[in-house]
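# Summary of the model geometry
In case you want the letters, here they are:
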Amino acid sequence: MKSLITGGAGFIGSHLAEELLNNGDDVYVIDDLSTGSIENIEHLKVNSKFHYVIDTIMNEPVTAELVDRCDRVFHMAAAVGVKLIVESPVRTIETNIKGTEIVLRAANKKKKLVIIASTSEVYGKGDNIPFKETYDMVLGTTKNGRWSYACSKAIDEFLSLAYYKEKKLPVIVVRFFNTVGPRQTGQYGMVVPTFVKQAIMGHDITVYGDGSQSRSFTYVGDVVKGLLGLCDNKQAIGDIFNIGHGDEISICELAKLVKSMTESKSEIVFVPYDSAYEAGFEDMQRRSPDISKISELIGYKPTLGIREILEKVIKYFKES
Ligand code: UDP
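Report follows, based on the coordinates. (Residues numbered from 1 in each chain as written. Predicted model: local features only at pLDDT ≥ 70, side-chain atom pairs only at ≥ 80, totals over all residues. Heavy atoms only, no water.)

Okay, the sheet that holds strand β6 (residues 171–176) next. In spatial order, the strands read β3-β2-β1-β4-β5-β6-β11; together these 7 strands make up an open sheet with parallel pairing. Each edge of the sheet is formed by a strand with only one pairing partner; in this case those strands are β3 (50–54) and β11 (239–243). The average undirected angle you get between the axes of adjacent strands in this sheet is 20°. As paired elements, strand β5 (residues 113–119) and β6 share 6 bridges and run parallel to each other. (Pairing = 2+ DSSP bridges. Helix = DSSP H or I, 4+ residues; strand = E, 2+ residues; numbered from the N terminus. Axes fitted to C-alpha atoms, helices over the stretch in contact; angles between N-to-C directions.)

Quick look at the layout of surface pockets now. In this structure, the second largest pocket spans a volume of roughly 210 Å³. H15, E18, E19, N22, Y219, G221, D222, V224, K225, Y300, K301 and T303 together form the lining of the second largest pocket. Elements supplying a minimum of two residues to the lining of the second largest pocket: α1 (11–22) and α8 (220–231). Among the residues forming the lining of the second largest pocket, the class breakdown is 3 nonpolar, 4 polar and 5 charged. (1 Å grid on protein atoms, 1.4 Å probe; cavity = no way out; pocket = protein on both sides within 12 Å on 5 of 7 lines; lining within 4 Å. Points joined across faces, edges and corners; volume = space filled by probe spheres on them. Nonpolar A, V, L, I, M, F, W, Y, C, P; charged D, E, K, R; others polar.)

To continue, consider unusual backbone geometry. In this structure, the amide linkage connecting I129 to the following residue, P130, adopts the cis form with an omega of -5°. One can find P130 in the loop between β5 and α6 (146–167). One non-glycine residue, L33, lies in the positive phi region at around 60°. Note on placement: L33 falls in the loop between β2 (26–31) and α2 (39–42).

Another point: a nonpolar patch on the surface. On the surface, M137, I155 and F158 cluster together to form a nonpolar patch covering roughly 300 Å² of accessible area. On the secondary structure map, I155 appears in helix α6. Exposure remark for I155: the relative accessible area of 40% places this residue in the partly exposed category. (Patch = residues over 30% accessible without salt bridge, like charges linked within 9 Å, V, L, I, M, F, W, Y side chains within 5 Å. Areas by Shrake-Rupley, 256 points an atom, 1.4 Å probe, with all protein chains shown as cover. Salt bridge = Lys/Arg side-chain N within 4 Å of Asp/Glu carboxyl O. Buried < 20%, exposed > 50% of the residue type's maximum accessible area, 1.4 Å probe, protein only.)

This part covers the pattern of salt bridges. Summed over the entire model, instances satisfying the criterion amount to 19 salt bridges. In this structure, the salt-bridge partner of R69 is E65, at a minimum N-O distance of 2.9 Å. Here R69 pairs with E65, and both are found in helix α3 (residues 60–69), just 4 residues apart, close to one helical turn. Note on R69: relative accessible area 40%, which makes it partly exposed. Judged by relative accessible area, which is 40%, E65 ranks as partly exposed. E253 is the salt-bridge partner of K256, the closest N and O atoms lying 3.5 Å from each other. Separated by 3 residues within a single helix, K256 and E253 lie in helix α9 (residues 251–261), roughly one turn from each other. We classify K256 as partly exposed; its relative accessible area is 44%. In this structure, a network of salt bridges that share partners links the residues E121, R146, R215, D283 and R287.

Here the focus is the environment of V138. Structurally, V138 can be placed in the loop between β5 and α6. Accessibility expressed as a relative area gives 35% for V138, which makes it partly exposed. Along the chain, V138 and G124 lie 14 residues apart, while their C-alpha atoms are 4.9 Å from each other. Not counting the four nearest positions on each side in its chain, V138 is found in contact with V122, Y123, G124, K125 and G126. (Contact = heavy atoms within 4.5 Å.)

Okay, the site of the ligand next. Around the ligand lies a shell of 19 residues, among which T206, Y208, R215, D283 and R287 are the nearest. In this structure, an oxygen atom belonging to the ligand sits 2.7 Å away from a main-chain N or O atom of Y208. Here the ligand has 520 Å² of accessible area as a free molecule, and 95% of this is covered by the chains. Elements supplying a minimum of two residues to the shell around the ligand: α7 (191–201) and β8 (205–208). For the shell around the ligand, the per-class residue count stands at 9 nonpolar, 5 polar and 5 charged. (Near = heavy atom within 4 Å. Polar contact = N/O pair within 3.5 Å; in protein donor to acceptor, adjacent residues only side chain to side chain.)

Geometric descriptors of this kind do not, in isolation, establish any biological role.
Quick look at the structure:
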């Protein structure tokens, strides 16, 4: 099997590449290194089944050629990180929408399976927890840049499902919920690497808002297993799946846990959202997945809880 991973030098993409190579697949990666990094794939370069191209997926002939060479496409290239999204809204919208258009158009020529990485952001401010795939999107005003990410990913989902319905292109949409693990960088605002780095360096641990907001963190290795299980199952085609972990933790509790696990002397400080992001920023109070759909179809069961994930992330940062 030959797999193309767009965004394969990114955090999730590079873990996926590793697992596919372990399974004996040929892996092709295209990444423009805008948020991914060459270090993420450095250790894979020695494998003769690993191939990579540093380019943007917006380069249509290059993307089309790679899609043509492979049997299936994991479309992971996207703008990531709330901070980056708030700071670079044009890039977020264009990368997410145009990039997906190009990938789907190329895959449609020979009806290659496409796995589309979407996000739990599409549930927006919905408060019916845990989120089921059938729930409505509850998004804020277009004056608030944060929602452009959810909207652009929702367009990706619509477009993928439209290709499936109208052109019989096999697609599977997956919605990730706060995927974390080694190699994720805090550079784009993600909370787990940010807190762990702050704690190790003895800097203030910056809790945004009052810290009562909660998230469900999922180990990247579990996400990769979920992805591979879905693409091996024909019944997943034309459908949408949450991939996450059912347990929730508040951001304040997370800060305390990181501080105690690293035995850090850092202070936990509270930063108003307006200064952390921008004036008028809206956060989601809770975000947690219902994972019964993927569990029933492929027996998906996350293996690591937040403590075990933090152990791995702390070890990673201490060693790097
Ligand atoms: N957060 C925080 N301090 C940080 C970075 C993030 O308190 O240094 C909060 C953020 O406001 C959100 C949660 O942690 O409530 C998760 O943020 P992240 O950017 O990791 O993912 P999100 O769930 O917002 O997509």
